[in-house]
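# What the coordinates show
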Amino acid sequence: MTTNIHFELLSLAIQAQLNCDTAPPVCMVGMAARGKNKGGVELAAKLLEMNYVYCPLPRNDPSELNGYPYICKETSSMRFFPPHWALQVRDNFIVFFDEASDATRMTQAAMHGVLTDGAIGEISIKGAPMVMAMNPSNVATTGGTVSHPFRTRTFVIDWSPDKHDWLRQIRQGSWDTP
């Protein structure tokens, strides 16, 4: 069995985020249906004995990343509720943001705070490994891309597994593990 270098790189990048506060989030860029989710993040979570939260970015409004505003009666000031999925993130969780290039620019701008500070509403998910996936603009649903600041604050993995390895793994019914 050969090594799936893309998966090994993803696993190491997730472990780096667990061991170092300054390790950047991961952004996997690759064609549709190449195993970024099932053969990538889901398998890494399983092998690292972690859970993962799935967050499809195009379905999220910027307020879901910034937090839902409300007036706090005690302080007479604006506060922000985090979305339900963010409350699920605890120790031993990977946060997986899918289809990043199809998210609106406003959602990507809100995502910037999540990537750099781990802030979602008034909670922090700092310390939870963050992984994003996206298709190149020529095959993305909306033809979208990510902004330069969004992309430069991540560790980008060109997710393009060898087609022979990919076919072999499909036939064997499982993905190679490091």
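Everything here concerns the structure above.
Since we're looking at a predicted model, the values are computed, not measured. Per chain, residues are indexed from 1 in the order of the written sequence. Thresholds applied to this predicted model are a pLDDT of at least 70 for local features of residues and 80 or more for the giving and counting of side-chain atom pairs; totals over whole chains, interfaces and linings are not thresholded and use all residues. Computation of side-chain values: all heavy atoms of the structure, hydrogens and water removed.

Put simply, a nonpolar core is a bunch of buried Ala, Val, Leu, Ile, Met, Phe, Trp, Tyr and Cys residues held in one set by side-chain atoms that sit within 4.5 Å of each other. Working definition: with a 1.4 Å probe on protein chains only, accessible area under 20% of the residue-type maximum means buried, over 50% means exposed, and in between means partly exposed. Judged by nonpolar contacts, the single largest core of 26 residues is most densely connected at Leu57, Trp85, Val95, Phe97, Met111, Val114 and Met132. Put simply, the parts of the chain that give this core at least two residues each are strand 1 (26-29), strand 2 (51-56), helix 4 (84-88), strand 5 (93-98), helix 5 (105-117) and strand 8 (130-134). Each helix is a run of DSSP H or I of at least 4 residues and each strand a run of E of at least 2, with the numbering of both proceeding from the N terminus. Sorting elements by how many residues they give to this core places helix 5 first, with four residues. Contacts between residues were defined by any pair of non-hydrogen atoms, one from each residue, lying within 4.5 Å. Non-local contacts of Met132, meaning those with residues more than four positions away in its chain, are made with Val26, Cys27, Met28, Phe96, Phe97, Ala100, Met111, Leu115, Phe150 and Thr154. Judged by nonpolar contacts, the second largest core, of 17 residues, contains Phe7, Ile14, Ala44 and Trp159.

A few words on helix 2 (residues 37-47). Among the residues of helix 2, Gly39, Gly40, Val41, Leu43, Ala44 and Ala45 are the ones counted as buried. On its buried face, helix 2 is in contact with helix 1 (5-19), strand 1, strand 2, strand 5 and strand 8. Glu49 lies just past helix 2 and shows a positive phi near 55°.

We now examine the packing of helix 1 against helix 2. Whenever a helix is involved, its axis is fitted only over the stretch in contact; in every case the axis is a line through C-alpha atoms, and angles between N-to-C directions fall within 0 to 180 degrees. It is at 10 Å that the axes of helix 1 and helix 2 come closest, and there the two elements cross at 55°. Put simply, helix 1 runs oblique to helix 2. In terms of crossing hand, the pair formed by helix 1 and helix 2 is right-handed. Each of Phe7, Leu10, Ser11 and Ile14 in helix 1 lies in contact with helix 2, whose residues at this interface are Gly39, Gly40, Val41, Leu43, Ala44 and Leu47. In this count, Pro and Cys sit with the nonpolar residues alongside Ala, Val, Leu, Ile, Met, Phe, Trp and Tyr, while Asp, Glu, Lys and Arg are called charged and the others, Gly among them, polar. Each residue belonging to the contact of helix 1 with helix 2 can be placed in one class, and the counts come to seven nonpolar, three polar and no charged. Note on terminology: angles under 35 degrees are roughly parallel, angles over 145 are roughly antiparallel, angles of 65 to 115 are roughly perpendicular, and the others are oblique. Here a crossing is called left-handed whenever its near helix is offset anticlockwise from the far helix by less than a right angle, and right-handed whenever the offset is clockwise.

As for its position among the elements, Thr107 is in helix 5. Within polar-contact distance, the side chain of Thr107 engages the backbone oxygen of Asn60 at 3.0 Å. As used in this structure description, the phrase polar contact means that two N or O atoms lie within 3.5 Å; if the pair is within protein, one of them must be able to donate a hydrogen and the other to accept it, and residues adjacent in sequence are counted only when both atoms belong to side chains. At a separation of 3.0 Å, a polar atom in the side chain of Thr107 contacts the side chain of Thr104.

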